[in-house]
Amino acid sequence: MTKRVLVVDDEEDIRSFIAEALEGPGLHVVKARDGQEAAELCAHQEFHLVITDLTMPRLDGLSLLRKLRAETPETEVILLTAHGTVGTAVEAMKLGAFDYLQKPLSGPDELRLLVRRALEMGDLRAESDRHKRTERKPPALVATDPLMLAVAEQIRKVAATNATVLLLGESGTGKEVAARAVHSESPRSAGPFVAVNCAAITETLLESEIFGHEKGAFTGATEARRGRFELADGGTLFLDEVGELAPGLQSKLLRVLEERKFERVGGSRTVSVDVRLVAATNRDLAVEMQAGRFRADLYHRLAVFPIRMPPLRERKKDVIPLAEHLLLRIGEDLGRRGLSLSKSAQAALLARDWPGNVRELRNVLERAAILTDGKQLEAEHLGAFVAAAPAVVAAPAGSAATLKDAERAAIAAALAATGGHRKQAAERLGIGERTLYDKIKEYGL
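The structure displayed is predicted, hence computed values, not measured ones.

(A) Layout of the overall build of the protein chain. The secondary structure content of the protein chain amounts to 19 helices and 16 strands. Considering the protein chain as a whole, with its 445 residues, one finds that 46% of them fall into the buried category. Partitioning the contacts of the protein chain with sequence separation of at least 6, the portion at a separation of at least 24 is 70%. Accessible surface for the protein chain amounts to roughly 21,700 Å². Of this, 53% is attributable to carbon and sulfur atoms.

Here you go:
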């Protein structure tokens, strides 16, 4: 898709320089001599980005910015500032400008990089808006069991605040769904919701993924990149599997929570962000702290408002309503609306402990839906998958070796069933990918 950029400056040389630097595949550049001409163009054409000088005749850059924010808030704005107007530019950013550049411009590379970032932010906002417009009902947080009703009430109360939330519970219990509920019910709901799975990214890349990096920060960093914290500015950042963070990253995250500031990898410029943090883990952080693997001060910063997500076996009253809700989504995805559960299928679901929780329930329903030709799922469609899933068995005291043997066998079986695909095996087992990697190494698999 070609992006349309409007360049506004009363100096012909600057307009031409910027236009020539940006014109190329994927970009169409239009020029305007002042704010008034720019406003008239914006009234009849769509622009993804406006680059405007601050001081101009007829309509200045600040007035143009206010007009754009009121009439086309989806348009990103970059300001051009001369010496002595930087303070005004910073004020303009509070009104919604993306960033500013000082004159004289250092060269085309800095300009192109900032333009690319602004357009990426525009795409992110557009995607967020699309998600909100097409979000499917009923709400994903199904709560009919008293345990989940209590969780829903906690979410409702904490969402109205800016408190950091720590979601605790087994894998597959719906921690990301709860995080999205916190965001959607908060005053930040119009801002971005950005998620990152700390267990799914290698340790060497995770710092860059979260905090971003500058050009040349490491081998392969051919250009600067904003991290998830910057992308979540004004909204919510969800750090899943936060218990997997390495000690160095734990220290950096602690500083962000305390000061709301950080530096990108390889950078010295301090970046300030306005982000609400929601974290989640399936690890016992008390055990991790005792073992020296997780910082106690970080835990207390994260656990301002802890919420325990109960496993499915503890919220039996939710099993059928949740299954029916999931079938609505599955039916839409498969193009087969109207899928339902027979009485025998409901009985089969209720008889299961669901060690993989909601994630396992969805997988079983999806596979069963693919098997059946009709609208109603029967127990026979579910039976094979329910029987094949490993049950949760409590190990007797003193049986550590037996438990390890069982764990090793379960991991080996999951790897075999998924053809060695580690991500799928981790999902099947209901554990994080990094945890699986550690176990594979421990057991020599």
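(B) Looking closely at helix H10 (residues 247-259). Along its 13 residues, H10 runs 19 Å from first to last C-alpha, staying within 8% of the 18 Å computed at 1.5 Å per residue. Those residues of H10 that fall on the buried side of the exposure criterion are Leu249, Gln250, Lys252, Leu253, Leu254, Val256 and Leu257. Positive backbone phi, approximately 60°, marks Arg260, located one or two places after H10.

(C) Region of the structure containing the pattern of salt bridges. By the definition in use, this model includes 31 salt bridges. Measuring nitrogen to oxygen at the nearest pair gives 2.4 Å for the salt bridge that ties Glu170 to Arg313. With Glu170 in the loop between strand S6 (165-168) and helix H7 (175-184) and Arg313 in the loop between strand S14 (305-308) and helix H13 (319-334), this pair connects stretches of sequence that are 143 residues apart. Residue Glu170 is classed as partly exposed on the basis of its relative accessible area, which comes to 30%. Here Glu263 ties to Arg255 by a salt bridge, and the two come within 2.7 Å at their closest N and O atoms. When its relative accessible area of 26% is taken as the criterion, Arg255 is described as partly exposed. What you see here is one network of salt bridges that share partners, running through Glu244, Arg283, Glu288 and Arg293.

(D) Region of the structure containing the sheet that holds strand S5 (residues 99-102). The parallel open sheet is built from five strands, whose spatial order is S2-S1-S3-S4-S5. A single partner strand is all that each edge strand has here, and the edge strands are strand S2 (27-32) and S5. Pairwise comparison of adjacent strand axes, ignoring direction, gives a mean angle of 20° for this sheet. Across four bridges, the pairing between strand S1 (residues 3-8) and strand S3 (residues 49-53) is parallel. Paired with Val7 across the strands is Ile51, a residue of S3.

(E) Layout of the pairing of strand S4 (residues 76-81). Across the six residues of S4, six count as buried, placing the element largely inside the fold. On S4, burial covers both faces: Glu76, Ile78 and Leu80 on one face and Val77, Leu79 and Thr81 on the other are all buried. In terms of strand pairing, S3 meets S4 through five bridges, oriented parallel. Across the sheet, Asp53 pairs through a bridge with Leu80, a residue of S4. One crossover worth recording links S3 to the parallel S4 by way of helix H3 (residues 61-71), and it is right-handed. Two strands pair when backbone bridges link them, and S4 and S5 are joined in this way by four bridges, in the parallel orientation. The residue of S5 that forms the bridge with Ile78 is Asp99.

(F) Local environment of the side chain of Arg15. Structurally, Arg15 can be placed in helix H1 (residues 12-22). Sequence-distant contacts of Arg15, defined by excluding residues within four places in its chain, comprise Val7, Asp9, Asp10, Lys31, Ala32 and Arg33.

(G) Quick look at the sheet that holds S6. Taken together, the five strands give an open sheet; going across it, the order is S7-S10-S13-S6-S14, and neighbouring strands pair in parallel fashion. Two strands close off the open sheet at either side, each with one partner strand: strand S7 (193-197) and S14. Recorded for the sheet is a direction-independent mean angle of 20° between the axes of neighbouring strands. Bridge count for S6 against strand S13 (residues 276-281) is four bridges, and the pairing is parallel. In the strand pairing of S13, Leu166 is matched with Ala279.

(H) The arrangement of the pairing of S3 in detail. Burial analysis of S3 places five of its five residues in the buried class, which makes it a mostly covered element. By the alternation rule, side chains of S3 split into Leu49, Ile51 and Asp53 and Val50 and Thr52, which are all buried.

(I) A look at the environment of Lys375. By the element assignment, Lys375 lies in the loop between helix H15 (357-371) and strand S16 (376-377). Its relative accessible area of 47% is what places Lys375 among the partly exposed residues. For the pair Lys375 and Leu341, spaced 34 residues apart in sequence, the C-alpha separation works out to 8.6 Å. The contacts of Lys375, once residues within four sequence positions are left out, are Arg336, Arg337, Gly338, Leu339 and Ser340. In terms of polar contacts, Lys375 uses its side chain to reach the backbone carbonyl oxygen of Arg337, at 2.4 Å.

(J) How the structure looks around the packing of helix H2 (residues 35-44) against H3. At their nearest, the axes of H2 and H3 sit 9 Å apart, and the two run at 15° to each other. Taken as axis vectors, H2 and H3 run roughly parallel relative to one another. Seen from above, H2 lies across H3 with right-handed handedness. Taking contact as the criterion, the partners of Gly35, Ala38, Ala39 and Cys42 in H2 are, on H3, Leu64, Lys67 and Leu68.

(K) Layout of the nonpolar core. Of all hydrophobic cores here, the largest spans 30 residues; its most connected members are Leu206, Phe229, Leu237, Leu239, Leu245, Leu253 and Leu302. Mapped onto this core, the elements with two or more residues apiece are S7, helix H8 (203-211), strand S10 (236-240), H10, S13 and helix H12 (296-302). Looking at which element gives the most residues to this core, the answer is H10, with five residues. Leaving out residues up to four positions away in the same chain, Leu302 has contacts with Thr164, Val165, Leu166, Val242, Leu257, Leu277, Ala279 and Phe294.

Cut-off values and rules
Residues numbered from 1 in each chain as written. Predicted model: local features only at pLDDT ≥ 70, side-chain atom pairs only at ≥ 80, totals over all residues. Heavy atoms only, no water. Helix = DSSP H or I, 4+ residues; strand = E, 2+ residues; numbered from the N terminus. Buried < 20%, exposed > 50% of the residue type's maximum accessible area, 1.4 Å probe, protein only. Contact = heavy atoms within 4.5 Å. Areas by Shrake-Rupley, 256 points an atom, 1.4 Å probe, with all protein chains shown as cover. Expected span 1.5 Å × (residues − 1). Salt bridge = Lys/Arg side-chain N within 4 Å of Asp/Glu carboxyl O. Pairing = 2+ DSSP bridges. Axes fitted to C-alpha atoms, helices over the stretch in contact; angles between N-to-C directions. Right-handed = clockwise from strand over helix to strand, strands pointing away. Polar contact = N/O pair within 3.5 Å; in protein donor to acceptor, adjacent residues only side chain to side chain. Parallel < 35°, antiparallel > 145°, perpendicular 65-115°, else oblique. Left-handed = near helix turned anticlockwise from the far one by under 90°. Core = buried A, V, L, I, M, F, W, Y, C linked by side-chain atoms within 4.5 Å.

Geometric descriptors of this kind do not, in isolation, establish any biological role.
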